[in-house]
Amino acid sequence: MRTIQNVIDLIIAEIPDAPLEDTVDVFKCGDPTQEVTGIVTTFTATMDVLRKTVKLGANLIITHEPTFYEHRERTEWLADDPVFQAKRAFLEEHKLTVWRFHDYWHRHQPDGIITGMLKALAWEKYRLPDTRAMLAIPGMTLANLVAALKEKLALPVVRVVGNPQQSSERIAMLVGSPGGDFQIMAFQQWNADVVICGETSEWQTCEYVRDAIALGHNKALVIIGHAKSEEEGMHYLSSWLQPKVPEVPITYLAIGDPITTL
Ligand SMILES: [Zn+2]
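It should be emphasised that the depicted structure is a prediction, and the values quoted were computed from it without experimental measurement.

Visitor: What exactly am I supposed to notice about the pairing of strand S2 (residues 39-42) here?
Guide: Successive side chains on a regular strand alternate, one facing one side of the sheet and the next facing the other. Residues Ile39 and Thr41 of S2 are buried on one face, and the alternating residues Val40 and Thr42, pointing to the opposite face, are buried as well. Pairing of S2 with strand S3 (residues 60-63) involves four bridges; the strand directions are parallel. Along S3, the bridge assignment pairs Ile39 with Leu60. Where the polypeptide runs from S2 across helix H2 (residues 47-56) and back to S3, its parallel neighbour, the crossover connection is right-handed. Pairing analysis gives four bridges linking S2 to strand S10 (residues 250-253), with the strands arranged parallel. Looking at S10, one finds that Ile39 is bridged to Ile250.

Below, the structure written as structure tokens:
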């Protein structure tokens, strides 16, 4: 019998410097001593993901982001909230176990999320040696870069600060939401032409780039949404994990961007 705990132990054994003392990558609910019946990998364990997991007969969800809307999943402040209560009750009723795979997957060599994104974009060959997230793509313009992102990631709309014709050859792939300071530093320290991000602080990074352009610098910011900037990393996880647990069905569930445009 293979337990849920055994699956997680196999994953952590692949991560340098693991186990970490302080990490958000812990069980959020469920019982790791249960036999694993199937695994779902996803960017976030949304209600839709929970319902599909039950239909698949799986009982382990491996998620990149929190299930209960707070980084460390402190939930006291949500105790009386009906959305929190109903989601928690659904997880308990269907005996689902949720484990977060955030810190460890980013520490994998190379970073599992960025590798999955670069595979989806067919950009692995552009990664600069000895960097985690810097790419060099000769002859790229901002318009071409955005067109490639829209096509490969099925994005209907991409928000941009920049001039479509500007040269966009040095690209920092800053997935997720690492913070405005970090995004701005990538422009100077790595001499990036473009930062591709999930989320940004509009008052901070967007205004820095607007000023940089006004002062004659070749800089641009491309905002593709947090989920779309990272979820291919959880897609890649399903094929990375399958050979380690060949008898267990693994399903990747894409959730896409929660935001639509009207
Ligand atoms: Zn991430």
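Read on, since the account is not over.
Visitor: Teacher, can you tell me more about the sheet that holds strand S5 (residues 134-136) here?
Guide: Hydrogen bonds between backbone atoms are what pair the strands of a sheet, whose relative direction is either parallel or antiparallel. Across the sheet, five strands lie side by side as S5-S7-S8-S9-S6; this open sheet has mixed pairing. The open sheet has two edge strands with one neighbour each: S5 and strand S6 (159-161). The sheet shows a mean angle of 20° between the axes of neighbouring strands, direction not considered. Across three bridges, the pairing between S6 and strand S9 (residues 220-223) is antiparallel. Opposite Arg159, over in S9, you have Ile223 as the bridge partner.

Visitor: Just to check I follow, could you spell out helix H9 (residues 226-241) for this structure?
Guide: One full turn of an α-helix is made of 3.6 residues, so residues set three or four places apart face in the same direction. In a regular helix each residue adds 1.5 Å, so 16 residues correspond to 22 Å; H9 covers 23 Å between its end C-alpha atoms and thus fits that length. With 13 of 16 residues buried, H9 lies mostly within the body of the structure.

Visitor: What's the story with the UniProt feature "binding site: a divalent metal cation 2" (unreviewed entry) in the protein in this structure? I'm lost.
Guide: Summarizing the sequence annotation, UniProt attributes the feature "binding site: a divalent metal cation 2" (unreviewed entry) to His64 in the numbering used throughout. Positionally, His64 belongs in the loop between S3 and helix H3 (82-93).

Visitor: Any chance you could explain helix H1 (residues 4-12) here in plain terms?
Guide: Every buried residue of H1 is accounted for by Ile4, Val7, Ile8, Ile11 and Ile12. The buried side chains of H1 occupy one side of the element, clustering within an arc of 130° when seen end-on. Where H1 is buried, its residues meet strand S1 (27-29), S2, S3, strand S4 (97-100), helix H4 (103-107) and H9.

Visitor: Where do I start with the packing of aromatic side chains in this structure?
Guide: Summed over all chains, the structure comprises seven aromatic pairs. Relative to Trp105, the ring of Phe101 has its centre 5.0 Å away and its plane inclined at 25°; by these criteria the two rings are stacked. Pairwise contacts between aromatic rings join Trp99, Phe101, Trp105, Tyr236 and Trp240 into one cluster.

Visitor: Help me understand the domain arrangement of the protein in this model?
Guide: Accessible area lost when the parts come together is the quantity often used to give the size of an interface. Per the domain assignment, the segments making up the protein are domain 1 (4-108 + 229-253) and domain 2 (119-223). A C-alpha centroid distance of 30 Å is found between domain 1 and domain 2. The interface of domain 1 with domain 2 comprises five residues on the first partner and eight residues on the second. Carbon and sulfur atoms make up 67% of the surface buried where domain 1 meets domain 2, a total of about 470 Å² over both sides. The largest per-residue losses of area from domain 1 upon contact with domain 2 belong to His106, Ser229 and Glu232, which jointly make up 71% of the total buried on that side. Applying the counting criterion to the domain 1 and domain 2 interface returns zero salt bridges.

Visitor: What should I look at first to understand the coordination of the zinc ion in this one?
Guide: Ideal geometry at a metal gives 109.5 degrees between four tetrahedral donors and either 90 or 180 degrees between six octahedral ones. For the zinc ion, the full set of protein donor atoms is His64 (NE2), His106 (NE2), Glu230 (OE) and Glu230 (OE), at a range of 2.0 to 2.7 Å. Around the zinc ion sit four donor atoms, and with donor-metal-donor angles ranging over 52 to 156° the site reads as irregular. For the zinc ion, the single-chain donor residues occur in sequence as H-x41-H-x123-E. One end of the pair, His64, is in the loop between S3 and H3; the other, His106, is in helix H4, and 42 residues separate them in sequence. The class of His106 is buried, set by a relative accessible area of 19%.

Visitor: Just checking my understanding: could you explain the state of the cysteines for this structure?
Guide: In this structure the tally under the stated criterion is zero disulfides. In this model Cys197 remains outside any disulfide bridge; the closest cysteine sulfur is found in Cys206, 7.5 Å from its own. Residue Cys197 is classed as buried on the basis of its relative accessible area, which comes to 0%.

Visitor: When you look at the UniProt feature "binding site: a divalent metal cation 1" (unreviewed entry) in the protein in this model, what are you seeing that I'm missing?
Guide: Residues annotated by UniProt as "binding site: a divalent metal cation 1" (unreviewed entry) correspond here to His226 and Glu230. Checked against the lining of the largest pocket, the annotated residues reduce to His226. Tracing the chain through its elements places His226 in helix H9. Residues within four places of His226 in sequence aside, it is in contact with Phe43, Glu65, Gly176, Ser177, Gly198 and Glu199. The residue Glu230 is located in helix H9 in this model. Here Glu230 falls in the buried class, since its relative accessible area comes to 2%. When sequence neighbours within four positions are dropped, the list of residues in contact with Glu230 reads Phe43, His64, Glu65, His106, Ile113, Met117, Val175 and Gly176.

Definitions and limits used
Residues numbered from 1 in each chain as written. Predicted model: local features only at pLDDT ≥ 70, side-chain atom pairs only at ≥ 80, totals over all residues. Heavy atoms only, no water. Buried < 20%, exposed > 50% of the residue type's maximum accessible area, 1.4 Å probe, protein only. Helix = DSSP H or I, 4+ residues; strand = E, 2+ residues; numbered from the N terminus. Pairing = 2+ DSSP bridges. Right-handed = clockwise from strand over helix to strand, strands pointing away. Axes fitted to C-alpha atoms, helices over the stretch in contact; angles between N-to-C directions. Expected span 1.5 Å × (residues − 1). UniProt positions renumbered as here; feature names shortened; annotations may be inferred. Arc of directions from axis to C-beta. Contact = heavy atoms within 4.5 Å. Phe/Tyr/Trp six-rings, centres within 6.5 Å; stacked < 30°, edge-to-face > 60°. Domains from an automatic or database assignment. Buried area = accessible area lost by both parts, 1.4 Å probe. Salt bridge = Lys/Arg side-chain N within 4 Å of Asp/Glu carboxyl O. Donors = N, O, S within 2.8 Å, 3.2 Å for Na, K, Ca; no water. Tetrahedral: all angles 85-135°; square planar, octahedral: opposite > 155°, others 65-115°. Disulfide = S-S within 2.5 Å. 1 Å grid on protein atoms, 1.4 Å probe; cavity = no way out; pocket = protein on both sides within 12 Å on 5 of 7 lines; lining within 4 Å.

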